[in-house]
Structure formats: structure tokens, C-alpha cells
Amino acid sequence: MKKISIIGAGMTGSTAAHWLAERELADLVLVDVVEGMPQGKGLDLLEAMPIIRKDVKIVGTNSYEATQGSDIIVITAGLPRKPGMSRDDLLTANADIVRKAATETLKYSPNAIYIVLTNPLDTMAYLAMKVTGLPANRVIGQAGVLDAARMSAFVALETGVSVENINCYVLGGHGDEMVPLTRHSNIAGIPLREYLPAERLEAIVNRTRKGGGEIVNLLKTGSAYYAPSMAVVQMADAILKDKHLIVPCAALMQGEYGLNDMYFGVPVMLGANGVEKIIEYSLDADEKAAFEKSAVSVKDTHDALRKLVTF
Ligand code: APR
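Residue positions are given per chain, counting from 1 as you read along its sequence in written order. Reporting of local features is limited, given that this is a predicted model, to residues whose pLDDT is at least 70; pairs of side-chain atoms are given and counted only at 80 or more, and all residues count toward the totals for whole chains, interfaces and linings. With hydrogens and water stripped out, all remaining heavy atoms of the structure feed into the side-chain values.

Thoughts on the site of the ligand
We define proximity as follows: a residue is near a molecule or strand when any one of its heavy atoms falls within 4 Å of that partner. Around the ligand there are 20 residues in total, and Met11, Thr12, Asp32, Thr76 and Asn119 lie nearest to it. At 2.8 Å, a backbone N or O of threonine 12 approaches an oxygen atom of the ligand. Take aspartate 32: an N or O atom from its side chain is 2.6 Å from an oxygen atom of the ligand. Only the protein chains shown count as cover for residues, and the accessible areas themselves come from Shrake-Rupley with a 1.4 Å probe. Contact with the protein chains removes 85% of the 730 Å² of surface that the ligand exposes when unbound. Contributing elements (two or more residues each) for the shell around the ligand: helix H1 (11-22) and helix H3 (91-108). In the analysis that follows, any N or O atom pair within 3.5 Å is treated as a polar contact, provided that within protein one partner can donate a hydrogen and the other can accept it, and provided that, for residues neighboring in sequence, both atoms belong to side chains. For helices the rule is a DSSP run of H or I covering at least 4 residues; for strands it is a run of E covering at least 2, with both sets numbered from the N terminus onward.

The structure is reproduced here in C-alpha cells:
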């Protein structure tokens, strides 16, 4: 059995464990600083397994030893947004948490692939790569899978078409400047731009961009976790099964799309090596402009991180 350790057993981490266990994809370790909480959630989940006849070992712990030999490390440890906060407001608090989670887990799982969810997402993925010294293909930020899922859900609500027919692509940083691609996104092969009237499409694009904030405002005490954790499952599944699945994720830019030394949301091919390949879409002038605008704000957060932390 493969092994996935999830650092941060809060809403996103424990819900990811729930979805993963149900799929019998890997044995699971939940790590959190809160005493008793990961142990309790882990045991409760373990006790659910006989009901669904799944042989998954699940352990909750406050230390890192049990993460030994993990194939995948998922980092969801950190503070979530509260109403009125941007993802970038979390930078200072979460940088320390992510550094610790990344370096501690590396001691026990030198061959793991990292999936980072903690916000501000692109920058935290960059930090995890830097502090572990891992090659960039082994540290992936999760954002595009989630943002694309949100967009697909809104398209399905608008059109009544099955989500199975809806393919959405959202690139750029995981912030309000993200870039939902309306030309590449399609319903059964028909570009969204042709399928939907411009103003309806515009509304969907705007709702997608603010999708995380919409949930934060509704929940008031935390941020989204069902869709973010399901996105973890899709990524982990692609990696563990070496599927070579193309999905938008945050990856290190090394000249792709004209960007360098920063994590950014682009289509990547996920397989056993993590990021097997970065796919470069041809973008038209409008798409390029939106992409560049998003890159500026993500670059600013990387710059703020570099001032805050020495690697
Ligand atoms: N090590 C391990 N766990 C930690 C640490 C640490 N150093 N610091 C905090 N945690 C734990 C908290 O105790 C909490 O249980 O991280 C967990 C975070 O869970 P939630 O507060 O429920 O937040 P969640 O909604 O899961 O979001 C986690 O993902 O989407 C992002 O913006 C979100 O950065 C946030 C992260």
C-alpha cells in the first residue's frame, strides 16, 4: 500500500483523509500540533473503514516519526482566511508553519512528492521547494484543479449540462487575478465562448475568481475544504498511478510563459515524478495580458517572502 501523510489535520487535511481513505488509495498519517485532535480524527476514520470494507491504516499524531516512508506529503497546515483577509495576509504566519512541515517531513520521507495547499499558495509551494532543496518537479502547489472545478460547477449550474462534459482550465496565481480560460474551456468540445452569451460567461469568470472568498464569507470562521481536499485526491491519484494527467497546478517557472523563479498556475502533466512536464498553451493577447497581471501580484508575494525568509 502507498502512504500519504497530511500535515495539518484541520478541515482540509482531515477531509482529504476522508476522501482518500474511502478510495483505498493509500495508508494515511495525519499530523497536527493540536494534542489529541489528529489522533481522534484518525481513529474515528479508521473505525469507519470496516463499514465500507476498506483496508486502510490511518494514524493521527503530533510528531513526524510516523510519516516515515511516505510517497506523498500533503501540507495543509496553517491559518485559513477569515472574512476580509486576502490569501496574502497569511504570508507571515504560514511561512514558519510550512517551513517546519516541509523540513520535518523530508527527514523521514526523502523520496516523497509534496502537494502544498497552505495559502498564499504559490508562494508557500515555492518556500517548500526552497527549504527542502528538492527538485521542482517534486513540489507542487494545488490551486488550478480547485479553481477549474469551481468554474466547472458554475458552468454546470448555468447550463444544466453534466459536469462530465465540462472541461475548464484556470491558470495563473491562486488569487483574485487568476485567469479562467474561456477559449480553452469547453462543453463537450464546444468552447465556452461559443456556448454561453458573453455576459453570462463574464459572470462565471468573476464568480470563479472570487470562488474562495464566496465560501469564506458564507462560513465566516474558515475557508473552503470539500473542493480543495477533493482536488488533493485527484492529484495524489495521478501521481500514485503515474497517470500523466494534465491539470492546472502551481509549478516552478523556469522560463515557461516568460516567467522565472516563482511558482505559478500552469497546466502540468502529473505522474510518478510529480510534475512530469509543464504544458505551454498558446495564449492570445487578452489571455496574455490577464496572465501577466496575475503574475505581477504573485511575484510581489514571492518578493515579500524573500524579504521575510532566508533560504
Ligand atoms: N504543524 C502542523 N499543523 C499545524 C501547524 C504546524 N506547525 N500549525 C497549524 N497547524 C494546523 C492547525 O492546528 C489546524 O488544525 O493546521 C490546521 C489547519 O486547519 P484549519 O484551521 O481547519 O484550516 P483549513 O481550512 O484546513 O486550511 C488550511 O489550507 O486552503 C488553505 O488557506 C488555507 O492555509 C490554509 C490551509
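Having seen the structure, we can now continue with the description.
Details of the pairing of strand S5 (residues 113-116)
Under the scheme applied here, a residue whose accessible area is under 20% of the maximum for its type counts as buried, over 50% as exposed, and between as partly exposed, the area being computed with a 1.4 Å probe on protein chains only. Residues Ile113 and Ile115 of S5 are buried on one face, and the alternating residues Tyr114 and Val116, pointing to the opposite face, are buried as well. Where strand S4 (residues 72-75) lies against S5, 4 bridges are found, and the strand directions are parallel. Paired with isoleucine 72 across the bridge in S5 is isoleucine 113. A crossover gets the label right-handed when its path from the first strand over the helix to the second runs clockwise, viewed with the strands pointing away from the viewer. Taking the sense of rotation as the criterion, the β-α-β connection linking S4, H3 and S5 turns out right-handed. Examined bridge by bridge, S5 and strand S6 (residues 139-141) share 3 bridges and lie parallel to one another. Pairing between two strands requires that DSSP report at least two bridges joining them.

Notes on the nonpolar core
Residues Ile4 and Phe291 are the most contacted members of the largest nonpolar core, which totals 54 residues. Counting contributing residues, this core receives three or more from each of domain 1 (3-141) and domain 2 (144-308). Here, the term nonpolar core denotes a set of buried Ala, Val, Leu, Ile, Met, Phe, Trp, Tyr and Cys residues that are joined through side-chain atoms within 4.5 Å. Residues Tyr64, Leu91, Leu134 and Leu252 belong to the second largest nonpolar core, which totals 32 residues. An automatic or database domain assignment supplies the residue ranges for each domain.

Points about the sheet that holds strand S7 (residues 166-167)
In space, the 3 strands of this open sheet follow the order S7-S10-S11, with antiparallel pairing throughout. Across the chains shown, the open sheet's two edge strands, defined by having one partner strand only, are S7 and strand S11 (190-191). Bridge analysis of S7 against strand S10 (residues 186-187) gives 2 bridges, and the strand direction is antiparallel. Residue asparagine 167 lies in a different strand from S10, and its bridge partner there is asparagine 186.

Digging into the packing of aromatic side chains
Stacked, tilted and edge-to-face pairs are distinguished by plane angle, under 30 degrees for stacked and over 60 for edge-to-face with tilted covering the rest, among Phe, Tyr and Trp rings (Trp via its six-membered ring) whose centres lie within 6.5 Å. Evaluation of the coordinates by the stated rule reveals 7 aromatic pairs. When the ring of tyrosine 169 is compared with that of tyrosine 281, the centres are 6.2 Å apart and the planes differ by 80°; the resulting orientation is edge-to-face. Within this pair, whereas tyrosine 169 is found in the loop between S7 and strand S8 (170-171), its partner tyrosine 281 is found in the loop between strand S14 (274-278) and helix H10 (285-308), the two being separated by 112 residues in sequence. Note on tyrosine 257 and phenylalanine 291: the rings are 4.8 Å apart at their centroids and 35° apart in plane angle, and the pair reads as tilted. On the criterion of sequence distance, the pair formed by tyrosine 257 in the loop between strand S12 (245-254) and strand S13 (260-271) and phenylalanine 291 in helix H10 is long-range, its members being 34 residues apart.

Thoughts on the domain arrangement of the protein
Assigned domains within the protein: domain 1 (3-141) and domain 2 (144-308). For domain 1 and domain 2, the distance between their C-alpha centres works out to 21 Å. Buried surface at the junction of domain 1 and domain 2, summed over both partners, amounts to about 3,500 Å²; 72% is from carbon and sulfur atoms. Accessible area that two parts lose when put together, with a 1.4 Å probe and added across both, is what the buried area reports. Contact with domain 2 buries area across many residues of domain 1, yet Arg87, Asp122 and Tyr126 alone supply 19% of it, more than any other trio. One side-chain nitrogen of Lys or Arg within 4 Å of one carboxyl oxygen of Asp or Glu is enough to make a salt bridge. Between domain 1 and domain 2 we count 0 salt bridges in total. Our count for the domain 1 to domain 2 interface comes out at 10 residue pairs in polar contact (both at pLDDT 80 or more).

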